[in-house]
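Residues per chain are reported as follows:
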Amino acid sequence: MIFSQRFVVTLLVAFLCCFCLSCALDDPSTSSGQADGDADDDAQEIDDDADDDGDDDGGPDDDLDDDAGDDDTVLPDDDADDDADDDTALPDDDVNDDADDDTQDQCWDFDIQCGDYVFGTNIGFGADFDKYGCTPWIETGPDVVYRLELTEPSHIRAGIDFAMFDAHIFLLTDCANQDSCIAYSYNYYSVACLEPGVYYIVVDNEWYSPPGIFAIDLNCGPCEEEA
């Protein structure tokens, strides 16, 4: 009789254990909670800070550089000016100390020297001069300006050796002023004596003549001799 009672009690305990175990396995909250906990742990290993910058430092990207990370590394000042920042350029950052942009208006096209024989063309050039102070001719065609520098008093002879258009040649003391003309010709001109300085030889043509190729012949000599 006592054996039978113990056997029944053992069976009841075993039944209750099996029932509790079955309930625990069938409970969805237990399994999902464990899965959520694992997922949260994995997510925190990737980025568990409060900011959106993708790093793991726990704060926003509040350094002074322009990078996406938060490594507190400041980029160097690599802009073109001399200030300490990295975004503002100085008003005048060219190579000199003036307020301009290093551009200089140049009123001549080419340099020429005594003794040169130069081939040229006025095709594609603009009409800077239209009427010179030393002639009544109207010169509205394209012109080419040559800069001549004399280092000593000189007698010069300059002219158009040949041209494929109705070319005229002028001598100016100021290439920005067509009224500074001191000599002109449709072939050659000769000037007895010029003081040292800068002069400008201009090849021009009248409005009816199309532009083309030409050749300049320039000779110089002492003032007491003819060039």
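Residues numbered from 1 in each chain as written. Predicted model: local features only at pLDDT ≥ 70, side-chain atom pairs only at ≥ 80, totals over all residues. Heavy atoms only, no water.

Undergrad: Explain the pairing of strand β8 (residues 197-205) to me, using residue names and the numbers behind them.
TA: The buried fraction of β8 is high, at 7 of 9 residues. Sheet analysis places strand β3 (residues 144-150) next to β8, joined by 7 bridges and oriented antiparallel. Bridging from a neighbouring strand, valine 145 pairs with valine 202 of β8. For strand β5 (residues 167-172) and β8, the ladder comprises 6 bridges, and the chain directions are antiparallel. Within β8, the residue paired with leucine 172 across the bridge is tyrosine 200. (Buried < 20%, exposed > 50% of the residue type's maximum accessible area, 1.4 Å probe, protein only. Helix = DSSP H or I, 4+ residues; strand = E, 2+ residues; numbered from the N terminus. Pairing = 2+ DSSP bridges.)

Undergrad: So what's going on with the state of the cysteines? Which residues, and what values?
TA: Tallied over the entire structure, the rule returns 4 disulfides. Sulfur-sulfur distance for the disulfide between cysteine 114 and cysteine 220 comes to 1.9 Å. The disulfide joining cysteine 114 to cysteine 220 has a torsion of about -80° about its S-S bond and is therefore left-handed. With cysteine 114 in the loop between β1 (110-112) and β2 (117-121) and cysteine 220 in strand β9 (residues 213-221), this residue pair connects regions lying 106 residues apart in the sequence. (Disulfide = S-S within 2.5 Å.)

Undergrad: Please set out the side chain of asparagine 122 residue by residue, giving values where relevant.
TA: Along the polypeptide, asparagine 122 turns up in the loop between β2 and β3. Polar side-chain contacts of asparagine 122 include one of 3.2 Å to the backbone oxygen of proline 142. Setting aside residues no more than four positions away along its own chain, asparagine 122 makes contact with Pro142, Val144, Phe165, Asn205, Pro211, Gly212 and Phe214. (Polar contact = N/O pair within 3.5 Å; in protein donor to acceptor, adjacent residues only side chain to side chain. Contact = heavy atoms within 4.5 Å.)

Undergrad: Any details on the packing of aromatic side chains? Residues and values, ideally.
TA: Counted by the stated rule, this structure contains 11 aromatic pairs. Between phenylalanine 129 and tyrosine 132 the ring centres are 5.5 Å apart and the planes differ by 45°, which places this aromatic pair in the tilted class. Each member of the pair, phenylalanine 129 as well as tyrosine 132, carries the same accessibility label: buried. The interplanar angle of 85° and the centroid separation of 5.0 Å between the aromatic rings of tryptophan 137 and tyrosine 184 together place this pair among those described as edge-to-face. (Phe/Tyr/Trp six-rings, centres within 6.5 Å; stacked < 30°, edge-to-face > 60°.)

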